[in-house]
Amino acid sequence: MICVLGDAHLDVVVCPDGPIAEETDTPARTWAGAGGQAANVAAWICALGGEARLIAARGSDLAAGLVAADLARRGVAITGPVIDGATGVVVSLSDGGTSRSISGRLRPRGWR
């Protein structure tokens, strides 16, 4: 068992099919899943046949549930404090090979 200490958040990636249309919908490919360096390392350990436990603080919101479910599906055991509030969400918008990330962060209060 390899333990990884660090972050886990929800990654949302948006790849528009063309220029962003103002004031209307823009067709795009999207996907979401667990992200964060520590979560990614733990997932790769499991994908390569190892056992991994992620030690990370997470919120009590829907995003935290999605992250935990995605990691469990990949075989990652997750532990650490559940803090009342929002889990970090990173939205990456990719347009023509460039990307921009906007992030909400889980505050360290309650993390000891």
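The rules behind these values
Residues numbered from 1 in each chain as written. Predicted model: local features only at pLDDT ≥ 70, side-chain atom pairs only at ≥ 80, totals over all residues. Heavy atoms only, no water. Helix = DSSP H or I, 4+ residues; strand = E, 2+ residues; numbered from the N terminus. Buried < 20%, exposed > 50% of the residue type's maximum accessible area, 1.4 Å probe, protein only. Arc of directions from axis to C-beta. Contact = heavy atoms within 4.5 Å. Core = buried A, V, L, I, M, F, W, Y, C linked by side-chain atoms within 4.5 Å.

Engineer: Help me out: how do you make sense of the environment of L66 in this one?
Structural biologist: Residue position: L66 is located in helix 2 (residues 62-73). Taking the C-alpha atoms as reference points, L66 and G33, separated by 33 residues in sequence, lie 7.3 Å from one another.

Engineer: Is there a simple way to think about helix 1 (residues 37-47) in this case?
Structural biologist: Since the α-helix packs 3.6 residues into each turn, any two residues three or four apart lie on the same face. Along helix 1, the residues that are buried comprise A38, A39, A42, A43, I45 and C46. The buried residues of helix 1 occupy an angular sector of 155 degrees when projected down its axis, which confines them to one face. Helix 1 presents Q37, W44 and A47 as exposed residues on the side facing more than 90 degrees away from its buried surface. Buried residues in helix 1 make contact with strand 1 (2-5), strand 3 (28-35), strand 4 (52-55) and helix 2. In the segment just after helix 1, G49 is the residue with positive phi, at about 100 degrees.

Engineer: Would you mind showing me how to read the environment of A32 here?
Structural biologist: Along the chain, A32 turns up in strand 3. For A32, a relative accessible area of 57% puts it in the exposed group. When neighbours within four sequence positions are excluded, A32 is seen to be in contact with L10, D11 and V12.

Engineer: Is there a simple way to explain the nonpolar core in this structure?
Structural biologist: For soluble globular proteins, the rule of thumb is that nonpolar side chains tend to be buried together. By size, the foremost hydrophobic cluster in this structure holds 17 residues, and its most contacted members are V4, A8, A42, L54, V67, L71 and V76. Of all the secondary structure elements, the ones that give two or more residues to this core are helix 1, strand 4 and helix 2. Element by element, the count of residues in this core is highest for helix 1, at 6 residues.

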